[in-house]
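Descriptive structure summary
If you want the building blocks of each chain, they are given just below.
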Amino acid sequence: MLQRIEAVAPGSTKMQALVYHQYGAPSVVELGQVARPTMGRDEVLIRVMASTVSAADWRARSLQMPPGFGFLGRLFFGVFGPRKKVLGTELSGVVEAVGSSVSRFKPGDEVFAFTGASYGCHSEWRVLPENGLLVHKPHNLSFEQAAALSFGGTAALCFLRDMGGLERGNKLLVIGASGAIGSAAIQIAKAFGAEVTGVCSTTNLELVRSLGADHVIDYTQQDFTKNGEHYDHILETTGSASFARCEGSLSEHGKLLVVLGSFAQALGLERPPRGSGKRVIASLPRVNRAHLEQLAELAEAGHYRPLIDSVHPFAEAALAHARVDTGRKRGNVVLRVGSARN
Ligand SMILES: NC(=O)c1ccc[n+]([C@@H]2O[C@H](COP(=O)([O-])OP(=O)(O)OC[C@H]3O[C@@H](n4cnc5c(N)ncnc54)[C@H](OP(=O)(O)O)[C@@H]3O)[C@@H](O)[C@H]2O)c1
């Protein structure tokens, strides 16, 4: 259970945050007090309204890594215990104050941001550089929806468009269509004019259709590798499809876009045979502010609305983590941080 701590007094140099000091189950996350961040001249102080508990938070908290990545995970997150004590890779909020040289934002602006591997969004306040991954919140999204724009959306944009070169008319298969990345990928690919097939379980078939998928495949009933279809892109977010398994389902110049894959794939060791026009792409996404701006544009145009699995009060973060741990969440698990109305 989370420890309940008295609210931090106004003007205090402390703030409430969800902290963890050891790897483990959801219960290692506690509501505690940490130093409130101070702002530099080119920085923005944000009152956090909402954040998410993502697969990245689950991995950093539990140290459960894909096969072969265990040692690297510990090295990255902290050998003897977590280096970054406050999780949270994305947020939405309201600008409270800006540094003297800031021109893009003013107090009162509604924003969303992606901190990625820097984490730190599970806190009442977050300071970010004006020129960081921080943009204005789309007017038509609530804070809870806007908090969930970035994690799935940036991965989908980077893999599909930047690395995959997805174009209008391409045929795309999304494995893990009901997850945070898959649900974003379906909507974004449809906005780009692709023909999209989503792979999900029976319970999520209607949901995935409602996100815009042209076709759905129930992985509990049907093996997509045996349906005779060929795809220009296969986006793999579940770690269940190697190149060898997907090869026959890729078109002549088809690309397997590996969001979650094996150690061999990450090292580039899983290669199509010489002379094959097919490719395996397993690079790390390089996210920049333009990605967030494009996600905001897509949201404002009604093309992308982050799928929300559940919304949890800040003080009940352990339940949010437990939901993510199931591996069955549908879209995004949101934490409500701020008290103002969403
Ligand atoms: N490469 C990178 O840079 C990068 C970036 C971000 C995330 N990731 C990784 O990408 C993975 C996916 O992230 P996420 O946030 O999208 O995950 P997620 O939201 O936790 O995915 C959960 C969803 O996956 C579905 N699923 C599970 N097994 C499936 C299968 N065999 N076929 C189809 N659907 C299946 C589940 O649906 P059912 O319950 O219906 O099965 C559930 O809806 C994570 O492991 C994360 O660590 C990698």
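It should be noted that the structure appears before, not after, this text.
Residues numbered from 1 in each chain as written. Predicted model: local features only at pLDDT ≥ 70, side-chain atom pairs only at ≥ 80, totals over all residues. Heavy atoms only, no water.

Points about the packing of helix α4 (residues 150–163) against helix α9 (residues 289–300)
Cut-off, in case you're wondering: Fitted lines through C-alpha atoms serve as axes, helices being fitted only where they are in contact, and the angles separating the N-to-C directions of these axes extend from 0 to 180 degrees. The secondary structure listing takes helices from DSSP runs of H or I that are at least 4 residues long and strands from runs of E that are at least 2 residues long, numbered from the N terminus. Roughly parallel means an angle under 35 degrees; roughly antiparallel, over 145; roughly perpendicular, 65 to 115; everything else is oblique. Here, two residues are considered to be in contact whenever any of their heavy atoms come within 4.5 Å of each other. Polar here means any residue other than Ala, Val, Leu, Ile, Met, Phe, Trp, Tyr, Cys and Pro, which are nonpolar, and Asp, Glu, Lys and Arg, which are charged; Gly is therefore polar.
Between α4 and α9, the shortest axis-to-axis distance is 10 Å and the interhelical angle comes to 105 degrees. Here α4 is positioned roughly perpendicular relative to α9, judged by the angle of their axes. When α4 is examined against α9, the residues Ser150, Gly153, Thr154, Leu157, Cys158, Arg161 and Asp162 are found in contact with a partner set consisting of His291, Leu292, Gln294 and Leu295. Residue classes in the contact of α4 with α9 are distributed as four nonpolar, five polar and two charged.

Details of the site of the ligand
For clarity, the threshold we go by: Nearness is defined per residue: one heavy atom within 4 Å of the molecule or strand is enough. For the purposes of these results, a polar contact is taken to be a pair of N or O atoms within 3.5 Å, where, inside protein, one atom must be able to donate a hydrogen and its partner to accept one; residues adjacent in sequence count only when each atom of the pair is a side-chain atom. For accessible areas, the Shrake-Rupley method is used with a probe of radius 1.4 Å. Any residue's cover is judged against the shown protein chains and nothing else.
As a matter of local geometry, the ligand sits amid 24 residues, with Ser178, Ser201, Tyr219, Arg328 and Lys329 nearest to it. At 2.6 Å, a backbone N or O of Lys329 approaches an oxygen atom of the ligand. Burial of the ligand by the surrounding chains reaches 84%, relative to a free accessible area of 950 Å². Taken together, the elements giving at least two residues each to the shell around the ligand come down to α1 (55–62), α4 and α5 (180–191). Across the shell around the ligand, the residue classes tally to 11 nonpolar, 10 polar and three charged.

Observations concerning the environment of Gly169
Considering the arrangement of structural elements, one finds Gly169 in the loop between α4 and β8 (171–175). With 23 residues separating them in the primary sequence, Gly169 and Phe192 have C-alpha atoms 8.6 Å apart. Once residues within four sequence positions are removed from consideration, Gly169 is found in contact with Gly193, Ala194 and Asp232.

Overview of the sheet that holds strand β13 (residues 279–281)
Rules: Whether two strands pair depends on DSSP finding at least two bridges between them.
Across the sheet, six strands lie side by side as β10-β9-β8-β11-β12-β13; this open sheet has parallel pairing. With one partner strand each, in any of the chains shown, β10 (215–218) and β13 form the two edges of the open sheet. Ignoring strand direction, the axes of neighbouring strands in this sheet form an average angle of 20 degrees. Relative to β10, strand β9 (residues 195–200) is paired through four bridges, and the arrangement is parallel. Bridged to Val199 within β10 is Ile217. Of the strands in this sheet, β8, β11 (231–236), β12 (250–258) and β13 are in contact with α4, which crosses β12 at around 150 degrees. Of the strands in this sheet, β8, β9 and β11 touch α5, which is tilted by about 165 degrees from β8.

Considering a nonpolar patch on the surface
Just so we agree on the cut-off: Residues qualify for a patch when their relative accessible area is over 30% and they have no salt bridge, like charges being joined within 9 Å and the nonpolar side chains of Val, Leu, Ile, Met, Phe, Trp and Tyr within 5 Å. Salt bridges are identified by distance alone: a Lys or Arg side-chain nitrogen within 4 Å of an Asp or Glu carboxyl oxygen.
Together, Phe71, Leu72, Leu75, Val79, Phe80, Phe263, Leu267 and Leu269 make up an exposed nonpolar region whose accessible area comes to about 880 Å². Among the elements that line the nonpolar patch, the one with the most residues is helix α2 (residues 70–77), at three residues. Tracing the backbone through its elements, the reader meets Phe263 in helix α8 (residues 263–266).

Focus: the packing of α1 against helix α10 (residues 317–325)
Across the interface, α1 lies against α10 with an axial gap of 10 Å and an inter-helix angle of 100 degrees. Here α1 lies roughly perpendicular to α10, going by the angle between them. Contacts between α1 and α10 involve Ala55, Asp57, Trp58 and Arg61 from the former and His321, Val324 and Asp325 from the latter. Here the contact of α1 with α10 is built from residues that sort into three nonpolar, one polar and three charged.

Brief notes about unusual backbone geometry
What counts here: Here the term buried applies to any residue with accessible area under 20% of the maximum for its type, exposed to any over 50%, and partly exposed to those in between, with areas from a 1.4 Å probe on protein chains only.
In this structure, Leu63 takes a positive phi of about 60 degrees despite not being glycine. When you line up the elements, Leu63 lands in the loop between α1 and α2. Leu63 sits in the buried class, given a relative accessible area of 16%. In the Ramachandran plot, Tyr119 falls in the positive-phi region, its phi being about 55 degrees despite a non-glycine side chain. Structurally, Tyr119 can be placed in the loop between β5 (110–114) and β6 (125–129). Judged by relative accessible area, which is 5%, Tyr119 ranks as buried.

A few points about the pattern of salt bridges
Going through the model one piece at a time under the given rule, you end up with 13 salt bridges. We note a salt bridge from Lys106 to Asp109, for which the minimum N-O separation is 2.8 Å. Its relative accessible area of 8% is what places Asp109 among the buried residues. The shortest N-O distance in the salt bridge between Glu229 and Lys171 comes to 2.7 Å. One end of the pair, Glu229, is in the loop between β10 and β11; the other, Lys171, is in strand β8, with 58 residues separating them in the sequence.

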